[in-house]
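Working through the structure, step by step
The chain contents come next:
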Amino acid sequence: MAAGVAAWLPFARAAAIGWMPVANLPMPAAPPEKNKRQDELIVLNVSGRRFQTWRNTLDRYPDTLLGSSEKEFFYDEETKEYFFDRDPDVFRSILNFYRTGKLHYPRYECISSYDEELAFFGIIPEIIGDCCYEEYKDRKRENAERLMDDQEDSKDSKLPNMTFRETMWRAFENPHTSTMALVFYYVTGFFIAVSVITNVVETVPCGSSPNQKDVPCGERYTVAFFCMDTACVMIFTVEYLMRLFAAPSRYRFMRSVMSIIDVVAILPYYIGLVMTNNEDVSGAFVTLRVFRVFRIFKFSRHSQGLRILGYTLKSCASELGFLLFSLTMAIIIFATVMFYAEKGSTSSKFTSIPASFWYTIVTMTTLGYGDMVPKTIAGKIFGSICSLSGVLVIALPVPVIVSNFSRIYHQNQRADKRRAQKVQKARLARMRISKTGSSTAFLHSKRNGLLNEALDLTGSTEDEFRQRKATSLLESQHHHLLHCLEKTTNHEFVNEHLYEQNCLEGALQSYTSRSPSLSSSGGLTGTCCSRRSRQKSAPLPNAAMPPGSSRSLQELSAIHIHRSDRPPLSTSRSSLNMMPDEAMRLNCKSSQITTAIISIPTPPGTTPDGDGHGPPSPSIQITASSNVVKVSAL
Amino acid sequence: GFIYPESGNKRGLKARLRKLIPCSVGRRASARSQSNVEDELELSAVRHRPEGLEQLEAQTRFNRKELQVLYRGFKNECPSGVVNEDTFKDIYSQFFPQGDASTYAHFLFNAFDTDHNGSVSFEDFVMGLSILLRGSIQEKLNWAFNLYDINKDGYITKEEMLDIMKAIYDMMGKCTYPVLREETPRQHVDIFFQKMDKNKDGVITIDEFIDCCQNDENIMRSMQLFENVI
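To start, this report covers the structure provided alongside it. From a predicted model like this one, the values you see are computed outputs, not experimental measurements.

On to the overall build of chain A. Within chain A one finds 24 helices and seven strands. For chain A, the residues scored as buried account for 38% of the 634 residues in total. In chain A, 68% of the contacts between residues at least 6 apart in sequence involve partners at least 24 apart. For chain A, the exposed surface amounts to about 36,400 Å²; the carbon and sulfur share of it is 61%.

Here you go:
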């Protein structure tokens, strides 16, 4: 239960008077308030600095060191105070947690010292408030990475049991792992460079012989260039195939951007091989050669910055889109205006609005080639307005893209977002566990309470003390409140397992038409009743009936109910409510039901109890068990 | 869509042109400080300070120490001194993790907020508690009647009772034994009305309610249950 809320427990209990006139059953007795002492101040001496607080404040969190009896170990008889030899600065935050219910992480503290203090005082870090949680997690991640980097440097040897395929993949991804990988890395880099330079030089006019006009080198030394091209393409092909072989998930690899670039880089060559030297298609063939320039993108494997640039452009797609859109709007507006302004002048280059587009673009980007200039006065005025506005329109989205790039660049230097998500899930899981603790605590104490009644009935007293779990006064009062609610509504709280089981029983009982008195025919019927004890989560098909039971001993055909993972309870941190719509997700239809019919011995003459829908009176069930309280009636 | 920026005061064309000229900036500063003062007044209205300890001692049946403990707890959870309905629902829901306590908390809030101003101050809180914990049986039953009578017209109708009953059953949540069915609250209401409505006119008045409760042993006993909560 949260901190300050404990102060409201008296109010909630008082408000329970509102249920009393409605209830039909008598209410349970209130828990005795043994040694109810007046609230007193206690002194906590932490390395010389004295903190004082009410005892009640500390009692709010009974599962921490200060809230439980563990602090008695630190009690100093002479000075009548609790002495802790710890850091007083961090202790301030910890004590504030008891006071306000929120744990804050001070930014100036070292993360590992803070963690240690939390661990000492028994507080889980997951309850750090939202205001400080991001900071805490960031620092923790940085710290972990620092440790990991140190570890990685010392870890040179290859892991012994990696397959050849994994080794190869690792070599491809991190060239620094082995010399072979490094060699491969540089060789491919060299050949990419060679291939690109070849493509460029191919078109340079070299060496004019007197009887021919200037021909590009490519046509002069066809064979040489062809050999060079072939060699590069072969190396690229081999590299691609090797990567494809080594990839852990081939489908994912083939979909990745880098592999598409690889394919596009080498495809034109093969297409060129296949196609004949036909005049009609040679035009298309020339176009294909353009794609060879994509080989330069293969460099992005070798350069981190290039990858980041690509990623930035991808993530700034909206800003780029906006830039494009606004530019287009401005271009159309100004082109139209310029066209109509220049329509009057003779020999005007502004022959149509699309022709004016070129002028507008050149002017707005402040290029100003000068191949088209306005001649009329109106045209010149509008032209100047055009160039002024061009500067503005382009200057606006650019800083956004720049800041995006810088952010992504810095982000890339830290851990992946994937790791953060995993941590978030783990954090929520831990908080869920501590929250369900509160509701299961009630059920546990109910069980213990009923158990005590059972033991009272059977008259044994020693076991009582052993089995009565020590619950704090707060908890017992809270449980009394919940007990009153149960009595008012005449229904009991059960945990999810049993609820589903009951649902299932109800569903199946209406589904199969079985008579209440089970088979006098010795035949096997596919009915179900699975009985589970509250403690075990896995069903025991042949759970032995506790001795001394007077109930019928039908042994079961067991239905193994498999269901998918438990749906998460509410994810809000501040409320302990399980929202009803989430509860409804525990639908009674399980995902799989396999029936295994074990045996049905002939039942004794007693008919089983009804459908189990009648209100149970706990006393009857208790006589049936000594260790286990069954809640679902057969 | 495109949202025009809001301007508090409607300005004419002249004012807009004046904005373009740098030297006219000074005029706007005064307007801004005006609105700041108003904001501050609004903020301070939300903070509430209760009456003095002596007055509360006189008005309620708690002694000084108890009032101190109560106030400390109250102020801890609501530093501003008043509880609004959402906070109230949050706090009350924390005690019932398995169900949805917000509807019942709403009715409870209305029962505590005696002056119906949308927030429960410490005085309201402590008055209510005084009745519940230290009041006579008559007063407690009165309070309960007030809780059930949602529209405060002096009669409890079946619909009002059904709402209250559903709210109570909502607090149980889904995972109950036996499984909660649709008609359970309605049946409970019918039993209740059978017991309470003596003249069978479909509504329960305060006198019928108090009479009937005083004749019921269970209810009398359970009313005494929370005597020593504080």
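Across its full length, chain B carries twelve helices and five strands. Contacts spanning at least 24 positions in sequence make up 57% of the contacts within chain B whose residues lie at least 6 apart. Put simply, chain B shows about 12,900 Å² of open surface, and 51% of that area lies on carbon and sulfur atoms.

All right, on to the packing of helix α7 (residues 164-173) of chain A against helix α10 (residues 222-246) of chain A then. All names here are of chain A. The N-to-C vectors of α7 and α10 enclose an angle of 125°; their axes lie 8 Å apart at closest approach. The angle between α7 and α10 falls in the class oblique. Crossing geometry of α7 relative to α10 is assigned as left-handed. Only Met242, Arg243, Phe245 and Ala246 of α10 make contact with α7, whose side of the interface consists of Phe164, Arg165, Met168, Trp169, Phe172 and Glu173.

In this section: the pattern of salt bridges. Think of it this way: side chains of opposite charge can pair up when their charged atoms draw near. For the structure on display, the rule yields 25 salt bridges over all chains. For the salt bridge of Arg49 of chain A with Asp89 of chain A, the shortest nitrogen-to-oxygen distance reads 3.0 Å. Taken together, the residues span a long stretch of sequence, with Arg49 of chain A in strand β2 (residues 49-54) and Asp89 of chain A in helix α4 (residues 88-100) at a distance of 40 residues. We note a salt bridge from Lys89 of chain B to Glu85 of chain B, for which the minimum N-O separation is 3.6 Å. Residue Lys89 of chain B and its partner Glu85 of chain B are both found in helix α5 (residues 85-93); the two are separated by four residues, about one turn of the helix. According to the relative accessible area criterion, Lys89 of chain B is partly exposed, its value standing at 23%. Classification of Glu85 of chain B by relative accessible area gives partly exposed; the value is 22%. It is possible to trace a salt-bridge network through shared partners that takes in Glu239, Arg243, Asp262, Lys298 and Arg301 of chain A.

This part covers the packing of aromatic side chains. All names here are of chain A. As enumerated under the stated definition, the model contains 45 aromatic pairs over all chains in all. Its end group placed over the ring of Phe120, Arg86 keeps NZ or CZ at 4.1 Å from the ring centre. Looking at Lys298, its charged tip hangs above the ring of Phe236, at a distance of 4.6 Å from the centre.

Turning next to the sheet that holds strand β3 (residues 75-76) of chain A. As a general point, the strands of a sheet are linked pairwise by backbone hydrogen bonds and lie either parallel or antiparallel. Residues and elements named next belong to chain A. With mixed pairing, the four strands of this open sheet are ordered in space as β2-β1-β4-β3. At either end of the open sheet lies a strand with only one pairing partner, and these are β2 and β3. Pairing of strand β1 (residues 41-46) with β2, which is carried by six bridges, proceeds in the antiparallel orientation. What sits directly across from Leu41, in β2, is Trp54.

Turning our eyes to something else, we now look at helix α21 (residues 473-489) of chain A. Between its first and last C-alpha atoms α21 of chain A spans 25 Å; for 17 residues at 1.5 Å apiece the expected length is 24 Å, and the two agree. Once α21 of chain A ends, the next one or two residues include Asn490 of chain A, with phi positive near 65°.

Residues and elements named next belong to chain B. Taken N-terminus to C-terminus, the directions of helix α9 (residues 158-170) and helix α10 (residues 184-196) make an angle of 130°; their axes are 9 Å apart at the nearest point. In terms of orientation, α9 and α10 fall into the oblique class. When you trace α9 past α10, the crossing you get is right-handed. In contact with Lys158, Met161, Leu162, Met165, Lys166 and Tyr169 of α9, α10 contributes Thr184, Pro185, Arg186, His188, Val189, Asp190, Phe192 and Phe193. Per-class residue counts for the contact of α9 with α10 are eight nonpolar, two polar and four charged.

This part is about the nonpolar core. Taken as a class, soluble globular proteins show a tendency for nonpolar side chains to be buried jointly. Formed by 77 residues in total, the largest nonpolar core has its most connected members in Trp19 of chain A together with Tyr92, Phe96, Leu108, Met161 and Phe209 of chain B. What Trp19 of chain A contacts, discounting residues up to four positions off in sequence, is Leu481, Cys484, Leu485 and Thr488 of chain A together with Tyr92, Phe96, Tyr104, Tyr148, Ile168 and Met171 of chain B. Core analysis: the next-biggest nonpolar cluster, separate from the first, contains 27 residues, Ile94, Tyr114, Leu118 and Ile128 of chain A among them.

We now examine α9 of chain B. Its 13 residues give α9 of chain B an end-to-end C-alpha distance of 18 Å, which sits within 8% of 18 Å, the value for a rise of 1.5 Å per residue. Along α9 of chain B, the positions that sit buried rather than exposed are Glu160, Met161, Leu162, Ile164, Met165, Ala167, Ile168 and Tyr169 of chain B. Packed against the buried residues of α9 of chain B are α21 of chain A together with α6 (102-112), α8 (137-148), β3 (155-157) and α10 of chain B.

Contacts between chain B and chain A engage 62 residues on the former and 68 residues on the latter. A buried area of about 5,800 Å², summed over both sides, lies between chain B and chain A, and 68% of it is on carbon and sulfur atoms. For chain B, the biggest contributors to the area lost against chain A are Gln94, Phe95 and Tyr177 of chain B; these three give 16% of the whole. Here chain B and chain A share zero salt bridges between them. Inspection of the region where chain B meets chain A yields six residue pairs in polar contact (both at pLDDT 80 or more).

Looking now at the side chain of Arg295 of chain A. All names here are of chain A. With respect to the helices and strands, the residue Arg295 is situated in the loop between α13 (279-290) and α14 (304-315). One polar contact links Arg295 to Ser195, side chain to side chain, over a distance of 2.8 Å. Apart from the residues within four sequence positions on either side, Arg295 is in contact with Ile192, Ser195, Val196, Asn199, Asp229, Val233, Phe236 and Ala265.

What counts, and where the lines are drawn
- Residues numbered from 1 in each chain as written.
- Chains lettered and ligands numbered in written order.
- Predicted model: local features only at pLDDT ≥ 70, side-chain atom pairs only at ≥ 80, totals over all residues.
- Heavy atoms only, no water.
- Helix = DSSP H or I, 4+ residues; strand = E, 2+ residues; numbered from the N terminus.
- Buried < 20%, exposed > 50% of the residue type's maximum accessible area, 1.4 Å probe, protein only.
- Contact = heavy atoms within 4.5 Å.
- Areas by Shrake-Rupley, 256 points an atom, 1.4 Å probe, with all protein chains shown as cover.
- Axes fitted to C-alpha atoms, helices over the stretch in contact; angles between N-to-C directions.
- Parallel < 35°, antiparallel > 145°, perpendicular 65-115°, else oblique.
- Left-handed = near helix turned anticlockwise from the far one by under 90°.
- Salt bridge = Lys/Arg side-chain N within 4 Å of Asp/Glu carboxyl O.
- Phe/Tyr/Trp six-rings, centres within 6.5 Å; stacked < 30°, edge-to-face > 60°.
- Lys NZ or Arg CZ within 6 Å of the ring centre and 35° of its normal.
- Pairing = 2+ DSSP bridges.
- Expected span 1.5 Å × (residues − 1).
- Nonpolar A, V, L, I, M, F, W, Y, C, P; charged D, E, K, R; others polar.
- Core = buried A, V, L, I, M, F, W, Y, C linked by side-chain atoms within 4.5 Å.
- Buried area = accessible area lost by both parts, 1.4 Å probe.
- Polar contact = N/O pair within 3.5 Å; in protein donor to acceptor, adjacent residues only side chain to side chain.

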